[in-house]
Amino acid sequence: MIDKETRRDRSMRGEEIMRQLDPNAGAVIDTWLHDLAPDLGRYIREFSFGDIYAREGISLRDREIAAIAALAAKSTATSQLKGHIKAGLHIGLTREEIVEVIMQTVIYSGVPATLNAFAAMRDVLAAEEAAHTTPTAAE
């Protein structure tokens, strides 16, 4: 069993990394899971981000490239893929880099999975564009 101080450290480390990727990620996960599986949100924060993402060896940017590639190839985790595409953009990946990462997956996962990944990317880009568009007084 992990002592409470270690759990708190892992959680805080995970929360900080999640904030770097997407300032709202932690709140979105907690809200989405709170009535069904609140412990899963804690596990994601502590293990996925507090332990794995916090490891030394590769940059956060490279971890997002790996996450996008894995999720695109998997083709069954569209929601998570969208989150990681958004996070990749947030930490400085360009659209072109994400396109190339997804293109690479066609070799290993096939055309349907790659097309699904590009559909997810389109959704993210549209949402990002809408979020950054300020209506004018004439609208």
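Residues numbered from 1 in each chain as written. Predicted model: local features only at pLDDT ≥ 70, side-chain atom pairs only at ≥ 80, totals over all residues. Heavy atoms only, no water.

Enquirer: Explain the packing of helix H2 (residues 25-33) against helix H3 (residues 38-52) to me, and be specific about the residues and the numbers.
Expert: H3 packs onto H2 with a crossing angle of 155 degrees between their chain directions and a minimal axis gap of 7 Å. Classified by the interaxial angle, the pair formed by H2 and H3 is roughly antiparallel. The hand of the H2/H3 crossing is right-handed. Contacts between H2 and H3 involve Gly26, Ile29, Asp30 and Leu33 on the former and, on the latter, Pro38, Leu40, Gly41, Ile44 and Arg45. Looking at the contact of H2 with H3 residue by residue, the classes come out as five nonpolar, two polar and two charged. (Axes fitted to C-alpha atoms, helices over the stretch in contact; angles between N-to-C directions. Helix = DSSP H or I, 4+ residues; strand = E, 2+ residues; numbered from the N terminus. Parallel < 35°, antiparallel > 145°, perpendicular 65-115°, else oblique. Left-handed = near helix turned anticlockwise from the far one by under 90°. Contact = heavy atoms within 4.5 Å. Nonpolar A, V, L, I, M, F, W, Y, C, P; charged D, E, K, R; others polar.)

Enquirer: Describe in detail the packing of helix H4 (residues 60-74) against helix H5 (residues 78-90), supporting the description with residues and values.
Expert: Taken N-terminus to C-terminus, the directions of H4 and H5 make an angle of 155 degrees; their axes are 9 Å apart at the nearest point. By the criterion of interaxial angle, the relationship of H4 to H5 is roughly antiparallel. In the crossing of H4 with H5, the sense of the turn from one axis to the other is left-handed. Contacts from Glu64, Ala67, Ile68, Leu71 and Ala72 of H4 reach H5 at Gln80, Leu81, His84, Ile85, Ala87 and Gly88. Residues belonging to the contact of H4 with H5 are distributed by class as follows: seven nonpolar, three polar and one charged.

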